[in-house]
Protein chains: 2
Amino acid sequence: MSIELEHVRPADIEKRSMEIIESELSAPLDPVLAPVIRRVIHTTADFDYVKTLVFSESAVEKGVQALKNGVFIVTDTTMAQSGINKRVLKRFGGEVLNFIGDPDVAAEAKARGITRSAVSMERAASLGVPLIYVVGNAPTALVSIYEQVQAGTMPPPALVVGVPVGFVNVVEAKELILKLDVPYIVARGRKGGSNVAAAIINALLYIASSNERE
Amino acid sequence: MSIELEHVRPADIEKRSMEIIESELSAPLDPVLAPVIRRVIHTTADFDYVKTLVFSESAVEKGVQALKNGVFIVTDTTMAQSGINKRVLKRFGGEVLNFIGDPDVAAEAKARGITRSAVSMERAASLGVPLIYVVGNAPTALVSIYEQVQAGTMPPPALVVGVPVGFVNVVEAKELILKLDVPYIVARGRKGGSNVAAAIINALLYIASSNERE
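Residues numbered from 1 in each chain as written. Chains lettered and ligands numbered in written order. Predicted model: local features only at pLDDT ≥ 70, side-chain atom pairs only at ≥ 80, totals over all residues. Heavy atoms only, no water.

1. A look at the sheet that holds strand β4 (residues 132–135) of chain B
Residues and elements named next belong to chain B.
Now for step 1: Strand order in this open sheet of six strands is β1-β6-β5-β4-β2-β3, and the pairing throughout is mixed. Both edges of this open sheet fall to β1 (53–55) and β3 (96–97), since each of them pairs with a single strand only.
Now for step 2: Both strand β2 (residues 73–75) and β4 contribute to a ladder of three bridges, which runs parallel. Among the inter-strand pairings, Thr75 is bridged to a residue of β4, identified as Val134.
Now for step 3: Here helix α10 (residues 170–178) sits on the sheet and contacts β1, β5 (159–162) and β6 (184–187); the angle it forms with β6, its principal contact strand, is near 155°. (Pairing = 2+ DSSP bridges. Helix = DSSP H or I, 4+ residues; strand = E, 2+ residues; numbered from the N terminus. Contact = heavy atoms within 4.5 Å. Axes fitted to C-alpha atoms, helices over the stretch in contact; angles between N-to-C directions.)

2. Quick look at the sheet that holds strand β1 (residues 53–55) of chain A
Across a sheet, paired strands are connected by hydrogen bonds in the backbone, their directions being either parallel or antiparallel.
Residue and element names in this part refer to chain A.
Now for step 1: Taken in spatial order, the six strands of this open sheet run β1-β6-β5-β4-β2-β3, and their pairing is mixed. Strand pairing shows two members of the sheet lacking a second neighbour, β1 and β3 (96–97), which therefore form its edges.
Now for step 2: Packing against the sheet, helix α4 (residues 59–68) makes contact with β1, β2 (73–75), β4 (132–135), β5 (159–162) and β6 (184–187), and its axis sits at approximately 115° to β4.
Now for step 3: Seen against the sheet, helix α9 (residues 139–151) touches β4 and β5 and runs at an angle of roughly 150° to β4.

3. Points about the packing of helix α8 (residues 116–125) of chain A against α9 of chain A
All names here are of chain A.
Now for step 1: The N-to-C vectors of α8 and α9 enclose an angle of 40°; their axes lie 7 Å apart at closest approach. With respect to α9, the element α8 is oriented oblique. Where α8 crosses over α9, the two elements pack in a sense that is right-handed. Listed contacts from α9 to Ser117, Ala118, Met121, Glu122 and Ala125 of α8 are Thr140, Ala141, Ser144, Ile145 and Gln148.
Now for step 2: Of the residues in the contact of α8 with α9, the class split is five nonpolar, four polar and one charged. (Parallel < 35°, antiparallel > 145°, perpendicular 65-115°, else oblique. Left-handed = near helix turned anticlockwise from the far one by under 90°. Nonpolar A, V, L, I, M, F, W, Y, C, P; charged D, E, K, R; others polar.)

4. Regarding the interface of chain B and chain A
The extent of an interface is frequently quoted as the accessible surface area lost upon association of the parts.
Now for step 1: On the side of chain A, 42 residues touch chain B, which itself brings 42 residues to the contact.
Now for step 2: Roughly 3,500 Å² of surface becomes buried between chain B and chain A when both sides are summed, with 68% attributable to carbon and sulfur atoms.
Now for step 3: On the chain B side of the interface with chain A, the three residues burying the most area are Met79, Phe167 and Val168 of chain B, jointly 21% of the side's total.
Now for step 4: Where chain B packs against chain A, one counts four salt bridges.
Now for step 5: The partner of Arg190 of chain B in a salt bridge is Glu24 of chain A, and the shortest N-O contact between them spans 2.6 Å.
Now for step 6: At the boundary of chain B with chain A, the tally comes to nine residue pairs in polar contact (both at pLDDT 80 or more).
Now for step 7: Those elements that provide at least two residues to the side of chain B that touches chain A are α1 (13–24), α2 (34–44), α5 (78–83), α10 and α11 (194–213) of chain B.
Now for step 8: Among the elements that take part in the side of chain B that touches chain A, α1 of chain B stands out by supplying six residues, more than any other. (Buried area = accessible area lost by both parts, 1.4 Å probe. Salt bridge = Lys/Arg side-chain N within 4 Å of Asp/Glu carboxyl O. Polar contact = N/O pair within 3.5 Å; in protein donor to acceptor, adjacent residues only side chain to side chain.)

Keep in mind that these numbers describe shape and distance, not what the molecule does.
Here it is in structure tokens:
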């Protein structure tokens, strides 16, 4: 078997990938949402996201504006944190926070019989400022956000990226977020992940950067 | 719409997830490969991996043995590095290396017109010891491994986890690895990712840990 590699310069690989994705879509995407949907497909090679990604009214515009204003981001995993383009984020004044590894978070979670992710979201809320919440792993983090928004104990999120992956309470936790009156980007169903979460934030960051250049 | 959450204790979520995965499989898995395949599905909620994951002869056993011997791991992304369970790895004496962020790697890649990932794999090879190569993102890293093994400039890898995701040369680069006489775990086709890469290594680490306890 002979294997032919396509000759593409490193700098052009992403552009070529996006062209392939565009050419395989069965219908044109909403132009505002397209950069986010395309980047998620680029990250997963999974076209299911065309159907499963749900955006609240003006979610992309609101997320981009928040990032331009230097909003802080909180993630439920170090993997999502690792995947976010911190260089671009920092240019706007933003930072990525993550409480999952804090020893007292683990202790509190154990004492209360809840997940570290849920405790992390309470820590984030206690900062008292609007944040972008990025959940790629833990449905319990989404449930915590839902309960805190409903209870009024969390400042209104600038955006909730709700894309945990899995089999236990994942579908249900995402549906809870869809009931909230907050900006959200959610991948309905079981699929998602920290890579998807990071891809969504990076897509927003690149929109923010390209607006800036215009 | 009423949303019912299943009551599962934090410590039992993974066990319950694995039970659901097991119950939805259309045929029983090979018992040696099952822990790896199940963990990848757990990480992606994507049953395609039952068909796409390819294991060289005794790849799981060889990977587990190498980890128990304290092998070092090199990844192509910080995200894969971030997802690997370093606590368990460290217990066996292993570490995760990553050269992608080194400034001189970027400079060399630019000068030679190749990717930073490809240069990273050369840096890893130059250590002169067998490593586990974990590629969740860059097909060019796999091509580099293929060329170096063929040229004899890379010590025989302890294992190659070849699961990059994407649209440009990804399918082809994975097929190259299947031609090598080295232990490999490859996800054929376009799908994969840093999360899949980390899940495979973590599955091997958990097998190694449970062997240890027996």
